[in-house]
Amino acid sequence: QIRDIFCLSLILSLKSSKKNKIDVLDFGSNHLAYSNIVNKIDCKKFSFNVYDPFYNKEKFLIPFKISFFNDLTLLKKNRWDMVNFGSSIQYLESLDVLENINLTNTKVVSITHTPITLKKSYSEMQTNHKNINQKIYSLKEINKFFLKKNFKLIFKSRNDEKLSAGKNKKDTYLLNLVFSK
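Everything numeric in this text was worked out from a predicted model, so none of it was measured.

Engineer: Help me understand the side chain of D52, please; the structure alone is not making it clear to me.
Structural biologist: Structurally, D52 can be placed in the loop between β2 (46-51) and β3 (66-69). The residues contacting D52, other than those within four sequence positions of it, are S29, F69 and N70.

Engineer: What exactly am I supposed to notice about the packing of aromatic side chains here?
Structural biologist: Considering all chains together, one arrives at 11 aromatic pairs under this definition. Taken together, a centroid distance of 6.2 Å and an interplanar angle of 55° make the contact between F85 and F146 tilted. Taken together, the residues span a long stretch of sequence, with F85 in strand β4 (residues 82-86) and F146 in helix α3 (residues 139-148) at a distance of 61 residues. A residue is classified by how much of its surface remains accessible, and F85, at 2% relative accessible area, is buried. Given the relative accessible area of 2%, F146 is considered buried.

Engineer: Would you take a moment to explain the environment of L175 for this structure?
Structural biologist: In this structure, L175 sits in strand β9 (residues 172-180). For the pair L175 and T112, spaced 63 residues apart in the sequence, the C-alpha separation amounts to 6.3 Å.

Engineer: Explain helix α1 (residues 2-15) to me, please; I cannot follow it from the model alone.
Structural biologist: In an α-helix, one turn spans 3.6 residues; hence positions three or four apart end up facing the same way. With 14 residues, α1 extends 20 Å from end C-alpha to end C-alpha; this agrees with the ideal 20 Å at 1.5 Å per step. Listing the buried residues of α1 in full gives I5, F6, C7, S9, L10, S13 and L14. Looking at the buried residues of α1, the elements they touch are β1 (22-27), β2, β4, β5 (108-117), β8 (152-158) and β9.

Engineer: Got a minute to help me understand the pattern of salt bridges in this structure?
Structural biologist: Two side chains carrying opposite charge are able to pair once their charged atoms lie near each other. Under the defined criterion, the tally for this structure stands at four salt bridges. Here D81 and K19 are joined by a salt bridge, their closest N and O atoms 2.8 Å apart. One end of the pair, D81, is in the loop between α2 (73-77) and β4; the other, K19, is in the loop between α1 and β1, and 62 residues separate them in sequence. For D81, a relative accessible area of 5% gives the class buried.

Engineer: Can you help me understand unusual backbone geometry in this one?
Structural biologist: Peptide bonds are trans in most cases, and residues, glycine excluded, mostly fall at negative phi. Backbone geometry places H113, a non-glycine residue, at a positive phi of 50°. Along the polypeptide, H113 turns up in strand β5. With phi around 70°, N150 is a residue other than glycine that occupies positive phi space. Structurally, N150 can be placed in the loop between α3 and β8.

Engineer: Help me out: how do you make sense of the pairing of β9 in this one?
Structural biologist: With eight of its nine residues buried, β9 lies for the most part within the structure. Across eight bridges, the pairing between β5 and β9 is antiparallel. Residue pairing in the sheet places S110 in a bridge with V178 of β9. Judged from the six bridges that link them, β8 and β9 form a sheet pairing that is antiparallel.

Conventions used here
- Residues numbered from 1 in each chain as written.
- Predicted model: local features only at pLDDT ≥ 70, side-chain atom pairs only at ≥ 80, totals over all residues.
- Heavy atoms only, no water.
- Helix = DSSP H or I, 4+ residues; strand = E, 2+ residues; numbered from the N terminus.
- Contact = heavy atoms within 4.5 Å.
- Phe/Tyr/Trp six-rings, centres within 6.5 Å; stacked < 30°, edge-to-face > 60°.
- Buried < 20%, exposed > 50% of the residue type's maximum accessible area, 1.4 Å probe, protein only.
- Expected span 1.5 Å × (residues − 1).
- Salt bridge = Lys/Arg side-chain N within 4 Å of Asp/Glu carboxyl O.
- Pairing = 2+ DSSP bridges.

Any functional reading would require information beyond the geometric quantities listed.
Laid out in structure tokens, this is it:
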């Protein structure tokens, strides 16, 4: 389901653009997100760029070109047609970090498999990793951030909470969100 939402977001960005090739920023992802994507969409229509602050130039067997980078300045310098956050925003101390991304040309933003609360944002330790703090943002706060950037929430779905690595499950859900301009 998560990779399908990513693929559908890619297709939506392609349909929303006049370009033949879409520049995609995958913020904080890894190579596993691309494991079966070639069987779902025509990857030649997309230029995949993965921002991974921990990237160590490891080689992966992927049947199409993906550029990995860890230079924060490239987030602002480049223009992205589509941005995928996957579940990475839960590891950001503040949504203000997203101000480092040039969203000027961006038509579609996807967030998948991310713990999001319907109440006030809070932090907690993940239960599946030692000493990893995660920030559980409120849906209202995420929506407000993207609304300021002229995005509208066009899709929202819920994943099984049993897959959550968080402790506090009351009013917190694993959500998939797609925003569009």
